[in-house]
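Secondary and tertiary structure notes
For reference, the chains in residue letters:
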Amino acid sequence: MITIITFGTFDLFHYGHLRILERASDLGDKLIVGVSSDMLNFAKKGRRPICNEHERMKIISALKCVNEVFLEESLELKEEYIKKYRADILVMGDDWKGKFDCFNKICDIVYLERTPSISTTEIIEMIKT
Ligand code: CTP
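Read on for a plain summary of the structure. Computed from a prediction, not measured in an experiment: that's the story for all the values here.

A separate point is the site of the ligand. Around the ligand, a shell composed of 16 residues is seen, among which Phe-10, Thr-115, Ile-118, Thr-120 and Thr-121 lie nearest. Within the side chain of His-14, a nitrogen or oxygen atom sits 2.8 Å from an oxygen atom of the ligand. Surface burial for the ligand is 91%, taken as the share of its 570 Å² of free accessible area covered by protein chains. If you list the elements that add at least two residues to the shell around the ligand, you get helix H1 (15-25) and helix H5 (120-128). Looking at the shell around the ligand residue by residue, the classes come out as three nonpolar, nine polar and four charged.

Tallied over the entire structure, the rule returns zero disulfides. Its sulfur unpaired, Cys-102 is 9.4 Å from the next cysteine sulfur, which belongs to Cys-107.

With respect to the helices and strands, the residue Thr-120 is situated in helix H5. Only 2.8 Å separates the side chain of Thr-120 from the backbone oxygen of Asp-11, close enough to count as a polar contact.

This paragraph deals with the pattern of salt bridges. Scanning all chains against the criterion turns up six salt bridges. Residue Lys-30 is joined to Glu-68 by a salt bridge in which the shortest nitrogen-to-oxygen separation is 3.5 Å. In this pair, Lys-30 is assigned in strand S2 (residues 30-36) and Glu-68 in strand S3 (residues 68-72), connecting sequence segments 38 residues apart. When its relative accessible area of 31% is taken as the criterion, Glu-68 is described as partly exposed.

As summarised here, the arrangement of the five strands in space is S3-S2-S1-S4-S5, forming an open sheet in which the pairing is parallel. In this open sheet, the two edge strands, each paired with only one partner strand, are S3 and strand S5 (108-112). Strand-to-strand twist of the sheet, defined as the mean angle between neighbouring strand axes without regard to direction, takes the value 25 degrees. Sheet analysis places S2 next to S3, joined by five bridges and oriented parallel. If you follow Val-35 over to S3, its bridge partner there is Leu-71. Of the strands in this sheet, S2 and S3 are in contact with helix H3 (residues 53-61), which crosses S3 at around 155 degrees.

With respect to the helices and strands, Arg-23 occurs in helix H1. Linking Arg-23 and Glu-76, residues 53 residues apart in sequence, is a C-alpha distance of 25 Å. Non-local contacts of Arg-23, meaning those with residues more than four positions away in its chain, are made with Leu-112, Glu-113 and Thr-115. One polar contact links the side chain of Arg-23 to the main-chain carbonyl oxygen of Glu-113, over a distance of 2.9 Å.

Okay, the nonpolar core next. One finds Leu-21, Leu-31, Val-33, Val-35, Ile-60, Val-66 and Val-91 to be the most contacted residues of the largest nonpolar core, which totals 17 residues. Those elements that provide at least two residues to this core are H1, S2, H3 and strand S4 (89-93). Every residue in contact with Leu-31, bar those within four places of it in the chain, is listed here: Ile-4, Thr-6, Leu-21, Ala-24, Ser-25, Cys-65, Val-66, Asn-67 and Glu-68. The next biggest cluster of nonpolar side chains, apart from the first, holds 15 residues, and it includes Phe-7, Ile-32, Tyr-85 and Leu-90.

So, how was this worked out
Residues numbered from 1 in each chain as written. Predicted model: local features only at pLDDT ≥ 70, side-chain atom pairs only at ≥ 80, totals over all residues. Heavy atoms only, no water. Near = heavy atom within 4 Å. Polar contact = N/O pair within 3.5 Å; in protein donor to acceptor, adjacent residues only side chain to side chain. Areas by Shrake-Rupley, 256 points an atom, 1.4 Å probe, with all protein chains shown as cover. Helix = DSSP H or I, 4+ residues; strand = E, 2+ residues; numbered from the N terminus. Nonpolar A, V, L, I, M, F, W, Y, C, P; charged D, E, K, R; others polar. Disulfide = S-S within 2.5 Å. Salt bridge = Lys/Arg side-chain N within 4 Å of Asp/Glu carboxyl O. Buried < 20%, exposed > 50% of the residue type's maximum accessible area, 1.4 Å probe, protein only. Pairing = 2+ DSSP bridges. Axes fitted to C-alpha atoms, helices over the stretch in contact; angles between N-to-C directions. Contact = heavy atoms within 4.5 Å. Core = buried A, V, L, I, M, F, W, Y, C linked by side-chain atoms within 4.5 Å.

The quantities given are spatial measurements derived from coordinates; they are silent on function.
Structure below.
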């Protein structure tokens, strides 16, 4: 049984989000997703998500490729989360390439290519203008 863990905000759920989760799930048997809390997102991106953490967790839980969802409350807890969920592989988007290699003693790290031309920020900007 190979367990995969990944993290993200997944606000205004879009095609790029679906693709990374499906590709992550294809790497093993069980996909666990840490959804960033509203507070963590504010600290990280300087704005509150449009969809709150409960809504975002509900959406991610409803996906066929996802087996379990939890709330990621701090960036500092990545190692604890990896250990707690006994993850064999940590998946991150390649915008983070190299940044999580420090965990390679406890799991494999796979950086997946981001889907081009879509992001939550771009969607918000498009709607605004
Ligand atoms: N992701 C992706 N392709 C995209 C957008 C996001 O593969 N076009 C991946 C990210 O690499 C990450 C996950 O989806 O692993 C969640 O990313 P998140 O930051 O929530 O989404 P973004 O659309 O990048 O949000 P923002 O514009 O607010 O940074």
